[in-house]
Amino acid sequence: MDNNELRIEVQDLNQQGATLLKAGNVEAAKEKFEQAIEIDPMYMGSYKNMGTLYLLINEYKEAKNFFKKALLIEKDGEVYFQYGNACFMNDEPHEGLENYNLALSAGFDNDEMYFFMGMAYQHMNDEKMALRYVQKAIAKNPSRADYKVKKIELLIQMFELDEAEKAVDDLIISDPELYDGYHMKTSLLHQQKKFDKA
């Protein structure tokens, strides 16, 4: 087989593995990715896919190892983002933020990354920076109710109760079916000692 045929085979194995992983067949997906790595150990996508697999099964150290190998082959913004997620999920928010920033430097611009950056800052008790990044996530994707809920949570933590109340009212208007909005409204009214309105 020439290099072109090998690359096509490796890409095909990765595609098969990704399909198997989406279907929940982790072991079969892992075998496909391992075969791809054996055929071409310099193909970044195989390591990225293995990292994603380990991230999905909550084996964060293994995920980090494979993302690190992928980044040694090619500096890729999405891989930095996934590496950052593995760090964050492994209770390493500082390292996660470093990789999120490397993803930004590599041109990766994603609302989920901004949201994870906000959660990392919140984990490090920097609510002001957390709010900044959650608001960036909302600006990129205003349809995500979970981003709005996190914003309200941060505003309450920061004792910005008037801002939190406005955000809760906006959430209830934009997502009237969402239970979280009403629950947060009640909690906020109790916190503000407005028991008659709760």
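1. Some points on the layout of surface pockets
Alright, step 1. A volume near 180 Å³ is recorded for the largest pocket.
Alright, step 2. Lining the largest pocket are Ala18, Leu21, Lys22, Phe33, Lys48, Asn49, Thr52, Leu56, Glu78 and Gln82.
Alright, step 3. Contributing elements (two or more residues each) for the lining of the largest pocket: helix H1 (3-22), helix H3 (44-56) and helix H5 (77-89).
Alright, step 4. Per element, the largest residue contribution to the lining of the largest pocket is 4 residues, and it comes from H3.
Alright, step 5. Residues that form the lining of the largest pocket fall into these classes: 4 nonpolar, 3 polar and 3 charged.

2. Side note on a negative patch on the surface
Alright, step 1. A cluster of acidic residues, Glu27, Glu31, Glu34 and Glu38, forms a negative patch on the protein surface.
Alright, step 2. By the element assignment, glutamate 31 lies in helix H2 (residues 26-39).

3. Here's the deal with the nonpolar core
Alright, step 1. Ranked by size, the top nonpolar core spans 56 residues in total, and within it Phe67, Phe81, Tyr100, Met113, Met117 and Ile152 carry the most contacts.
Alright, step 2. With 8 residues, helix H7 (residues 111-123) is the single largest residue contributor to this core.
Alright, step 3. Ignoring any residue separated from it by four or fewer positions in sequence, one finds methionine 117 in contact with Leu97, Tyr100, Asn101, Leu104 and Tyr133.

4. Focus: the packing of helix H9 (residues 145-157) against helix H10 (residues 161-174)
Two measures define how a pair of helices packs: the angle their axes make with one another and the distance between the axes.
Alright, step 1. The interhelical angle for the contact between H9 and H10, taken along N-to-C directions, is 160°, at an axis separation of 8 Å. Relative to H10, H9 is oriented roughly antiparallel. As for how H9 packs across H10, the hand of that crossing is left-handed. Of the residues in H10, those touching H9 at Ala145, Lys148, Val149, Ile152, Leu155 and Ile156 are Leu161, Glu163, Ala164, Ala167, Val168, Leu171 and Ser174.
Alright, step 2. Of the residues that constitute the contact of H9 with H10, the class distribution is 10 nonpolar, 1 polar and 2 charged.

Parameters and conventions
Residues numbered from 1 in each chain as written. Predicted model: local features only at pLDDT ≥ 70, side-chain atom pairs only at ≥ 80, totals over all residues. Heavy atoms only, no water. 1 Å grid on protein atoms, 1.4 Å probe; cavity = no way out; pocket = protein on both sides within 12 Å on 5 of 7 lines; lining within 4 Å. Points joined across faces, edges and corners; volume = space filled by probe spheres on them. Helix = DSSP H or I, 4+ residues; strand = E, 2+ residues; numbered from the N terminus. Nonpolar A, V, L, I, M, F, W, Y, C, P; charged D, E, K, R; others polar. Patch = residues over 30% accessible without salt bridge, like charges linked within 9 Å, V, L, I, M, F, W, Y side chains within 5 Å. Areas by Shrake-Rupley, 256 points an atom, 1.4 Å probe, with all protein chains shown as cover. Salt bridge = Lys/Arg side-chain N within 4 Å of Asp/Glu carboxyl O. Lys, Arg positive; Asp, Glu negative; His and termini not counted. Charge placed at Lys NZ, Arg CZ, Asp CG, Glu CD. Core = buried A, V, L, I, M, F, W, Y, C linked by side-chain atoms within 4.5 Å. Buried < 20%, exposed > 50% of the residue type's maximum accessible area, 1.4 Å probe, protein only. Contact = heavy atoms within 4.5 Å. Axes fitted to C-alpha atoms, helices over the stretch in contact; angles between N-to-C directions. Parallel < 35°, antiparallel > 145°, perpendicular 65-115°, else oblique. Left-handed = near helix turned anticlockwise from the far one by under 90°.

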